[in-house]
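A closer look at the structure
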Amino acid sequence: MIDIKKLNQDSENEIRSAKNADELFIIEKKYLARGDGEVVKLLRQLKDLPDDEKRKVGPEIQELKKHIEDLASRRRREIEDEKQLESEKNFDISLPGLPVGRGSAHPITQFMDRAVDIFMRLGFEVVDEREVENEFYNFDALNTPKDHPARDMQDTYYVMKPESWNLNHQSRDSRFKIQDSRILLRTQTSGAQIRAMENRQPPVRIISPGRVFRHEATDASHETTFNQLECFVIDKNIKVGDLIGTIKEFFARMYYDKDIKLRVRPHFFPFVEPGMEIDISCIFCNQKGCSVCKHSGWLESAGSGIIHPQVLKNMGVDSKIYSGFAFGFGIDRMVMVYYGIDDIRLLYNGDLRFLKQF
Amino acid sequence: MKLPLSWLQDFIDIKKIPAEKIADGLTLSGSEAEHIGKRAAEELARFDKVVVGQILEIQKHPNADKLQIAKINISSASSVTRSALSALTIVCGAPNIAVGQKVPVALIGAALPNGMAIERRKIRDVESEGMLCSAKELGLAEDAAGIYILSQDARIGESLVKTLGLDEIVFDLDITPNRGDCLSIRGLAREVSALFKKSLLTVPPFLLSRPLRGKTRKSTRPPADEAGKDAEKIDLEVRVEDEKLCPKYSAHIVYDVKVGESPQWMKNRLLSIGIRPINNIVDITNYLMMELGQPLHAFDADKITNSKLKKMIVVRKARKGERIVALDNKVYELNQEVLVIADAERPIAIAGIMGGRDSSVDNETKTIILEAAQFDPAAVRKTSKTLNLKSDSSYRFERGIDALRVEQALGRAVELIEQIAGGRRDPKLYDIGKTPKPRSIKTSAEFISNRLGKEISEKEIKQILTSLDFSAISASASAISAQIPSWRNDIQIPEDIVEEVGRIAGYGNIAPTIFGNDSMLQDNERAKRQEIGLTKSMSSIRNIKDVLIGAGFSECLLYSFYGERHAKLTDVSLDNHFQVANPINPDQIYLRTSLTPRLYEAGEKNFNNFSEVRIFEIGRVFLPNHESGSPPKARLAKGGMNHGLPEEQKMLAGILINAEKSAMDNFREIKGVIEQIGERLNFAKDDFQWKADGAKTAISVKDENGELHIIGNCGIIDSRVRDIFKIPESTALFEINLSAFLEIQPPLKKTKPISEFPAVLRDISLVVDQSVAYEKIAQSIKQSSKLPIEIKLFDYFADEKKLGKDKKSLAIHLSFQSPARTLTSEEVDKEMQKISEALEKNLNAQIRK
């Protein structure tokens, strides 16, 4: 009597209960071994059966054989997985990753690089200008004459020449005497407009990132040193719409995951006319009101305007043909707002406990 | 500039517009409302039961020495008997009360701002029906010394909120320096008028030439007083010596003023705008300065000296050695640049800035000379800077006043003085200087529309200009011309009109565009410059930073200035450093000539928290360059003026602190990092040259022509650094001049073919004298074999105990490989033999087996 059903059932139970590879091997052998495996024995019995029985039972045995083989191989994989799982039970994935180049880029330069990249994609040229300037470039050429209250807007560090220098180094060229030659740490990157245009002609699209200085006692919200990004375009028929559009484009890219709205407020900067401040909608609360925007919904973001015709003249650009816009961002404030940094001094003291967070 | 809403409402009817909307309007028109000061409803509720009372009588408390019992009238009824009947009995401990005074009275049931609840209660057996309040108890000031005494004109029984104007809303506005005209209530009312399209209320004209006897309505002075006063009439001469610095000077004499306290409403307004009330005369000048924007000053005529029976007022430059004690009680030494108001002998005021103490109005003053003038903005500012003295007056003169309305303000002041402080005006108006001619401006709708990027019609422009008080406007399709209001000193060029139109029409209505001009597209020069700028600096610097960060260095940004202790650690002498003229602290005295001193400092701080510190900075240094002392010719042609400026160089510096590693290990790591940076910029290791230069190692690289250029140095910190900063002696550092390095074009690289034949590897280990450089060993190895070899140091140590004095041990991998065939072990062994012999013979090496 050939009980395929029972054999099927038994083999299945035994394979399922095999605990390891060795046991499985023995069970496999028991059924499929060439000499005396149960299935092989069945096949041998087949020849004693009548033909019609043979035709019926033959394929069933073949199927049984295949079934057992499949089961066994599936069980073998399971056993391997269990074994691996067992060995990995004490594999502590919470151990700290091994240090691989643990340095970090300063958050200000990270932000600056991103901003610069955006302007490069918009076709701007990057110029890198001096940090120690004379009053001419920092103020006079920017339409901020001496004894003008606009100079109060920026407290200035003045610089003295080295003690070893003597009068021999003073220029005898009368051209320099008409200018105020006091030297200073630049208070703004806007002087880069004048510098850059000394060897260029419009049309230009220029950005100039860099360090600027204000004569201020330091505390959590005041720093002597910070970074600005100056941006200006001079071409035919440049208009307020271009200024707003460019700033909008910049912020749409800078904060591409936010829906940025702009607010334009008239403001006074001596080197532009009209001049304006640009606020962007708060990137944290989307204008619902939060502590970062002091519940106003707006973040002050850029000083800007249409370049004053006198400044164009100082660049040697004909304001009858060309016009331009200019704006500047304070990168430090953007970084502080973005990362929730409440003490500006952390940006300039080189503390790795801070720097390594970026 | 503070703007109290009720004061604004004197000039314009805006009761229906919410305060927030007015604030937004001002912000969007350029006068940013930074804050709206306003007491909340619950705060005001705390004053619900606080009213004005008058002290009718004061008695000693029978049971307490320090207490008094006051009868207080709080009834507005005029009948004396009735008020006496309804008077409250209040026990009070403050010493500053007197009969007749008006004081704040907290009635039973009041819950004061300081949290105190007022109940009917007995104080030492006397029942008190309320409390007299101090400013502190009312939460109005810190002054707890006594009862808050109100002005005599306060109305009995009136709620204190009304009397003190506690429900005032005050906007705190940020006025830009170009808008001197907005530094007054009237000026801001003009802005609000244009913004909300509401016309200004008509302000009564101020008559200047009112007849001497024509008493003002409210004067309380009995006519009898006026008799015989003419005899005292002052003979005054006013002279302006410098009409450039003082284009306009007007003055008026007012006799018989009664100096005293100002009315409560005036005090309230002055306090709300941030000015401390002094006396009625001074308060009126301040009040009108705030209201009309015209600074005024009152002199006590009796304190002004005569010259030949005439009182003199001279506007002149100060004389050598002159000084003045100003109203702030400080002595100011005046130089000959300073414009002063003087009498016959001495300065009595610093023009436009502050009056002198010795000529000021005090309680005894009878006759005043009232001044309203216009002073040159730049001169006032210069003097203010020189003397380090600022005032509300100088602030306004610096920003420019309305030259056409100087006399008007003077007239209004005289009128207010007559109303409030009595007095009779002398009919004579002293008036020197010309009234400025009105200025006009020309532009066009096309220009305005083009600059804004929005089509704006002549009609709309005309409307906007009209709302801003421009007059005589003619607007055609091709041109617009208009007369500029006398107070708008900031309007000079057509672009200023663009701004006026833009800000009133609203910048928010301009469609954003991106410079759509085709002249951009055809400009190869610009594209070229852009690419040069990109490759020469930006991308190279980013690559360098990538290498450093990959090697575990963190970027710092440190200060551009440092102190003497830092400066002494550099190669530049102290007297060759550029100095900060106005440092705030000693660590800001010198401009840095090297990035390393601040890095040591940051390294020291970090070493307290980390056993290993790797930091770097990229930044500018400021070097004394005598060549930049005289302007280079090439620059001159372009108009560049670098005369006297330092030579700025962009530097890269870093330090590596690891106390557990030897100086040699740290040095080798720094060297490896620099080589890696070089490779990133397409220099090969062989392109570098390292040469001892004093205690440091000079780093040079080869350019495309094979020429060497020094780009910086590296090394181990010296004892001078360790004297100042607590960092281990094995600390290594490097500093590279990026400005120079990035200019160098690397030699063209050629790739080497890769051999298909296997390499044969051998190691050699040797001990040599410390003085034998690795470079020599490598040379010797390469020279002694005819087969091509790659050599690589894999172990190095110098241990006196193991090797003996001045010895070092090196272990080197040698890789023999031929491009043409497989090398046999035997021939390599033969080469090894030659190599060993050469090392032993030439470098006195012991080969370790």
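My aim in this report is to walk through the structure given alongside it, one point at a time.

**Description of the overall build of chain A**
Regarding its fold elements, chain A presents twelve helices and ten strands. At 39 Å, chain A has a C-alpha radius of gyration far larger than the 21 Å of a compact globule built from 358 residues. Structurally, chain A occupies a C-alpha span of about 125 × 50 × 45 Å along its principal axes. Taking all 358 residues of chain A together, 55% fall into the buried category. Long-range contacts, defined here as pairs at least 24 residues apart, represent 69% of the contacts in chain A between residues at least 6 apart. Here chain A contributes 54 positive and 58 negative side-chain charges, whose respective centroids are spaced 2 Å apart.

**Some words on the overall build of chain B**
Within chain B, the regular secondary structure consists of 25 helices and 40 strands. In terms of C-alpha radius of gyration, chain B reaches 42 Å, well past the compact-globule figure of 29 Å for 849 residues. By sequence separation, contacts in chain B at least 24 residues apart represent 71% of the contacts at least 6 residues apart. Accessible area for chain B stands at about 40,000 Å²; split by element, carbon and sulfur atoms hold 49% of it.

**Regarding the interface of chain B and chain A**
Of the residues lining the interface, 101 residues belong to chain B; the matching set on chain A comes to 110 residues. When the two sides are added together, the surface that chain B and chain A hide from each other amounts to roughly 9,100 Å², 57% of it contributed by carbon and sulfur. In this structure, the connection of chain B to chain A is made through eight salt bridges. Measuring nitrogen to oxygen at the nearest pair gives 2.6 Å for the salt bridge that ties lysine 650 of chain B to aspartate 128 of chain A. Here chain B and chain A share 36 residue pairs in polar contact (both at pLDDT 80 or more) between them. With nine residues, the single largest contributor to the side of chain B that touches chain A is helix H15 (residues 524–550) of chain B. Partitioned by chemical class, the residues of the side of chain B that touches chain A number 39 nonpolar, 33 polar and 29 charged. As defined by bridge partners, strand E3 (residues 158–160) of chain A adjoins strand E29 (residues 579–580) of chain B across two bridges and the pair is classed as antiparallel. Bridging from a neighbouring strand, valine 159 of chain A pairs with valine 580 of chain B of E29 of chain B.

**Some details on the sheet that holds strand E24 (residues 440–443) of chain B**
Residues and elements named next belong to chain B. Judged by pairing direction, the sheet is antiparallel, and its three strands sit side by side in the order E24-E26-E25 without closing on themselves. Looking at which strands have only one partner, the edges of the open sheet turn out to be E24 and strand E25 (471–475). Here the average twist between neighbouring strands, direction ignored, is 10°.

**Some thoughts on the packing of helix H5 (residues 107–121) of chain A against helix H11 (residues 331–339) of chain A**
Axis angle and axis distance: for two packed helices, these are the angle between their axes and the distance between the axes, and together they describe the pair. All names here are of chain A. Contact geometry of H5 with H11 gives a least axis separation of 9 Å together with a crossing angle of 110°. Between H5 and H11, the interaxial angle falls into the category roughly perpendicular. Only Ile331, Asp332, Met334, Val335, Tyr338 and Tyr339 of H11 make contact with H5, whose side of the interface consists of Pro107, Ile108, Gln110, Phe111 and Met112. Considered class by class, the residues forming the contact of H5 with H11 number nine nonpolar, one polar and one charged.

**Thoughts on helix H1 (residues 4–17) of chain A**
Note on helix geometry: an α-helix contains 3.6 residues per turn, so any two residues three or four positions apart are oriented the same way. All names here are of chain A. Between the first and last C-alpha of H1 there are 20 Å, a value that for 14 residues agrees with the 20 Å anticipated at 1.5 Å per step. Among the residues of H1, those classed as buried are Ile4, Leu7, Ser11, Glu12 and Ile15. Looking straight down H1, one finds that the buried residues subtend no more than 125° of arc, so they occupy a single side. Exposed side chains of H1 directed beyond 90 degrees from the buried face belong to Lys5 and Arg16. The inward-facing, buried residues of H1 contact helix H2 (21–32), helix H3 (38–46) and helix H4 (51–88).

**Focus: the nonpolar core**
In this structure, Phe119 of chain A together with Tyr249, Ile341 and Phe375 of chain B are the most contacted members of the largest nonpolar core, which totals 208 residues. Discounting residues that sit within four places of it in the chain, isoleucine 341 of chain B has contacts with Tyr249, Phe299, Ile313, Val314, Val315, Arg346, Pro347, Ile348, Ala349, Ala351, Glu371 and Phe375 of chain B. Counting 30 residues, the second largest nonpolar core, distinct from the first, contains Ala105 of chain A together with Ile541, Ile618 and Phe667 of chain B.

**As for empty space enclosed by the protein**
One pass over the structure, following the stated rule, counts seven cavities of 30 Å³ or more. Taken as a whole, the largest cavity holds about 150 Å³ of empty space. Lining the largest cavity are 16 residues, with Asp181, Leu292, Gly293, Ile401 and Asp402 of chain B positioned closest to its centre. Examining the composition of the lining of the largest cavity, we find that three residues originate from one element, helix H6 (residues 185–196) of chain B, more than from any other. Looking at the lining of the largest cavity, its residues break down into four nonpolar, six polar and six charged. Considered as a void within the structure, the second largest cavity measures approximately 120 Å³ in volume. In terms of lining residues, the second largest cavity is bounded by 15 residues, among which Ser29, Gly30, Thr176, Asn178 and Arg179 of chain B are the most central. Counting residues per element, the ones that place at least two in the lining of the second largest cavity are strand E7 (262–267) of chain A together with helix H14 (494–505) of chain B. Per-class residue counts for the lining of the second largest cavity are three nonpolar, six polar and six charged.

Reading guide: rules and limits
Residues numbered from 1 in each chain as written. Chains lettered and ligands numbered in written order. Predicted model: local features only at pLDDT ≥ 70, side-chain atom pairs only at ≥ 80, totals over all residues. Heavy atoms only, no water. Helix = DSSP H or I, 4+ residues; strand = E, 2+ residues; numbered from the N terminus. Rg over C-alpha atoms; globule rule 2.2 N^0.38 Å. Buried < 20%, exposed > 50% of the residue type's maximum accessible area, 1.4 Å probe, protein only. Contact = heavy atoms within 4.5 Å. Lys, Arg positive; Asp, Glu negative; His and termini not counted. Charge placed at Lys NZ, Arg CZ, Asp CG, Glu CD. Areas by Shrake-Rupley, 256 points an atom, 1.4 Å probe, with all protein chains shown as cover. Buried area = accessible area lost by both parts, 1.4 Å probe. Salt bridge = Lys/Arg side-chain N within 4 Å of Asp/Glu carboxyl O. Polar contact = N/O pair within 3.5 Å; in protein donor to acceptor, adjacent residues only side chain to side chain. Nonpolar A, V, L, I, M, F, W, Y, C, P; charged D, E, K, R; others polar. Pairing = 2+ DSSP bridges. Axes fitted to C-alpha atoms, helices over the stretch in contact; angles between N-to-C directions. Parallel < 35°, antiparallel > 145°, perpendicular 65-115°, else oblique. Expected span 1.5 Å × (residues − 1). Arc of directions from axis to C-beta. Core = buried A, V, L, I, M, F, W, Y, C linked by side-chain atoms within 4.5 Å. 1 Å grid on protein atoms, 1.4 Å probe; cavity = no way out; pocket = protein on both sides within 12 Å on 5 of 7 lines; lining within 4 Å. Points joined across faces, edges and corners; volume = space filled by probe spheres on them.

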